[in-house]
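# Chains, contacts and geometry: an overview
Take a look at the letters that make up each chain.
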Amino acid sequence: MRLIGGEEHKSNEQPENENESNNEQEEFTLGLGLPHQSTRLVVGYALTSKKTKSFLQPKLENLARNKGIVFVAIDQSRPLSDQGPFDVILHKLFGKQWRQILEDYREKYPEVTVLDPPSAIKHVSNRQSMLQDVTNINLCDCHGKVGVPKQLVITEDPLSIPDAVTEAGLVLPLVSKPLIVDGSAKSHLLSLAYDQLSLSKLDPPLVLQEFVNHGGVVFKVYIVGEAIKVVRRFSLPDINKLELLNNAGVFRFPRVSCAAASADDADLDPSVAELPPRPLLEKLSRELRQRLGLQLFNIDMIREHGTRDHFYVIDINYFPGKWNFFLIDILNIPQQL
Ligand SMILES: Nc1ncnc2c1ncn2[C@@H]1O[C@H](COP(=O)(O)OP(=O)(O)OP(=O)(O)O)[C@@H](O)[C@H]1O
Ligand SMILES: O=P(O)(O)O[C@H]1[C@H](O)[C@H](O)[C@H](OP(=O)(O)O)[C@@H](OP(=O)(O)O)[C@@H]1O
Ligand SMILES: [Mg+2]
Ligand SMILES: [Mg+2]
């Protein structure tokens, strides 16, 4: 298991010069559970134009090509079976139609690795089901505990929300998040609720999650097959009891922890900045890859403020934006040795 990130863990094996490319391709392919090819790997990709631009940057394409990995754009206007042949299909498109196309293709070509299976992606496209697998993972002896904030799904009448929150015993403040994540900006419209009555202004379907004070830093744990990369991002600041008493209403907030909000080089309180323990991340990653059936995802984790080792998973994202940099890390590591 390789941990790449704030604290880079370099493997100490040296690539054999004579078939370096194959070994490095092996790193990439076996790490992702892909078939290892001795010659080249054809990766068909189906992404939005925005994602293609952010993911398939020249550096990645060139590096991959040097290692026998070729990316070929899938023409979404033509039958998938008329294209290829592919060894891998890498995709991040939403909607039933694409899911069906991919399921039919998997039936016909079971030998092609689909990163990742549409049903597994659908599971993490819902903010309730995405976190369900986290709570029953046995992490004893992994130097920490990992939970999920108490949360409540609201699908019906917003006027029922205040009573539903009382009944569920949720404690304010609460973070309101659209229930479905579909790549749209709308699915990232989050709000912070300081009082119960204002909750009836919200717009279901949504999930209400208890806000956990965490020192204003979130750990984004990127998982690419067997590789893990952790980065720190700025997050919402803690909310103390006085602020809670003096504030009322529901406030929408921007995407506070996006790529531009890197906290990796910030001067932070070490007790806040300390990365989650590696054994914890390795076990969590291994278990979630297996339970979610995913190879490409990230986990957003926060440390409960005032504790050393009590973490919460607040979000899981499929094929997040920074994947290409980690692919470069994985493809590139032997050259860095
Ligand atoms: N339960 C929580 N307690 C404290 N802060 C939270 C909680 N949930 C979300 N946040 C804050 O809101 C930010 C965004 O939350 P979340 O990651 O769930 O939204 P998102 O739209 O899925 O974001 P992205 O997919 O870009 O990571 C988090 O990075 C964190 O700063
Ligand atoms: O900070 P990053 O680049 O990891 O942010 C991700 C974000 O966490 C989500 O994964 C986004 O995907 P959706 O949830 O489907 O919107 C990513 O957007 P994408 O267009 O790159 O897939 C962000 O990059
Ligand atoms: Mg997040
Ligand atoms: Mg998310």
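Residue numbers run consecutively from 1 along every chain, following the written order of its sequence. The order in which chains are written sets their letters, starting at A; the order in which ligands are written sets their numbers, starting at 1. Two thresholds apply to this predicted model, a pLDDT of at least 70 for residue-level local features and 80 or more for giving and counting side-chain atom pairs, whereas whole-chain, interface and lining totals are computed over all residues. As a rule here, side-chain values cover all heavy atoms of the structure and leave hydrogens and water aside.

Let me state the cut-off plainly: UniProt positions are given in the numbering used here, feature names are shortened, and annotations may be inferred rather than shown by experiment.
Per an unreviewed UniProt entry, the protein chain goes by Inositol-tetrakisphosphate 1-kinase and derives from Papaver somniferum. The protein chain has a UniProt comment under Function (unreviewed entry) that states "Kinase that can phosphorylate various inositol polyphosphate such as Ins(3,4,5,6)P4 or Ins(1,3,4)P3."

### Observations concerning the domain arrangement of the protein chain
Applicable threshold: Those domain boundaries reflect an automatic or database domain assignment. Any two residues whose heavy atoms approach within 4.5 Å at even a single point are treated as in contact. Throughout, the accessible surface (probe 1.4 Å) given up by two parts as they are put together, summed over both, is called the buried area. Polar contact is defined as a pair of N or O atoms within 3.5 Å, subject to the rule that within protein one atom must be able to donate a hydrogen and the other to accept it, and that residues adjacent in sequence are counted only when both atoms are side-chain atoms. Strands are runs of DSSP state E lasting at least 2 residues, helices are runs of H or I lasting at least 4, and numbering of each runs from the N terminus. Throughout, the ten residues Ala, Val, Leu, Ile, Met, Phe, Trp, Tyr, Cys and Pro are labelled nonpolar, Asp, Glu, Lys and Arg are labelled charged, and all others, Gly among them, are labelled polar.
Annotation of the protein chain at the domain level lists domain 1 (41-116) and domain 2 (127-318). Inter-centroid distance (C-alpha atoms) of domain 1 to domain 2 is 30 Å. Tallying the contact residues gives six residues for domain 1 and eight residues for domain 2. Taken over both partners, the interface formed by domain 1 and domain 2 buries close to 550 Å², and the fraction arising from carbon and sulfur atoms is 59%. The largest share of the area that domain 1 buries against domain 2 comes from Lys92, Phe94 and Asp116, three residues that together contribute 74% of it. Remark: the boundary between domain 1 and domain 2 carries five residue pairs in polar contact (both at pLDDT 80 or more). Looking at the side of domain 1 that touches domain 2 element by element, the count peaks at three residues for strand S4 (residues 88-92). Here the side of domain 1 that touches domain 2 is built from residues that sort into three nonpolar, one polar and two charged.

### Thoughts on the layout of surface pockets
Where we set the bar: Residues are said to line a cavity or pocket when one of their atoms sits within 4 Å of a point; the points come from a 1 Å grid over protein atoms alone, cavities being sets where a 1.4 Å probe fits but cannot get out and pockets being open sets with protein on both sides within 12 Å along at least five of seven lines. Grid points are joined across faces, edges and corners, and a volume is the space filled by probe spheres set on the points.
Space inside the largest pocket adds up to approximately 1,300 Å³. Elements with a minimum of two residues in the lining of the largest pocket: helix H2 (49-55), strand S8 (174-178), strand S10 (206-210), strand S11 (217-224), strand S14 (296-303) and strand S15 (310-318). For the lining of the largest pocket, the residue count by class is 23 nonpolar, 13 polar and twelve charged. Taken together, domain 1 (41-116) and domain 2 (127-318) each give at least three residues to the lining of the largest pocket, which thus spans both. Roughly 370 Å³ of volume is contained in the second largest pocket.

### Thoughts on the coordination of the magnesium ion (ligand 4)
Four donors placed tetrahedrally around a metal ideally meet at 109.5 degrees, and six donors placed octahedrally ideally meet at 90 or 180 degrees. Put simply, the test is: Donor atoms (N, O, S) are those found within 2.8 Å of the metal centre, with the cutoff raised to 3.2 Å for Na, K and Ca; water is not part of the atom list, so apparent gaps in a site can occur. Note on classification: 1.4 Å probe, protein chains only; a residue is buried when its accessible area is under 20% of the maximum for its type, exposed when over 50%, partly exposed between these limits.
For the magnesium ion (ligand 4), every protein donor is listed as Asp315 (OD), Asp315 (OD) and Asn317 (OD1), and the spread of their distances is 2.0 to 2.7 Å. Distance-wise, the magnesium ion (ligand 3) is placed 3.8 Å from the magnesium ion (ligand 4), both being coordinated by Asp315. Looking at Asp315, the relative accessible area reads 11%, which means it is buried.

### Some thoughts on the site of ligand 1
Our working rule: Near residues are defined by distance, with any heavy atom within 4 Å of the molecule or strand qualifying the residue. Using a 1.4 Å probe, accessible areas were evaluated by the Shrake-Rupley method; residue-level cover was limited to the displayed protein chains. A molecule is counted as occupying a cavity or pocket when more than half of its atoms fall within 2 Å of that pocket's grid points.
The immediate surroundings of ligand 1 are formed by 24 residues, with Lys177, His188, Ser235, Ser257 and Asn317 found nearest. Residue Glu210 places a main-chain N or O atom 3.0 Å away from a nitrogen atom belonging to ligand 1. For ligand 1, the protein covers 93% of the area, taking 610 Å² as the surface of the free molecule. Taken atom by atom, the bulk of ligand 1 overlaps the largest pocket. Residue contributions to the shell around ligand 1 peak at three residues, all from S15. Here the residues of the shell around ligand 1 are counted per class, giving eleven nonpolar, six polar and seven charged.

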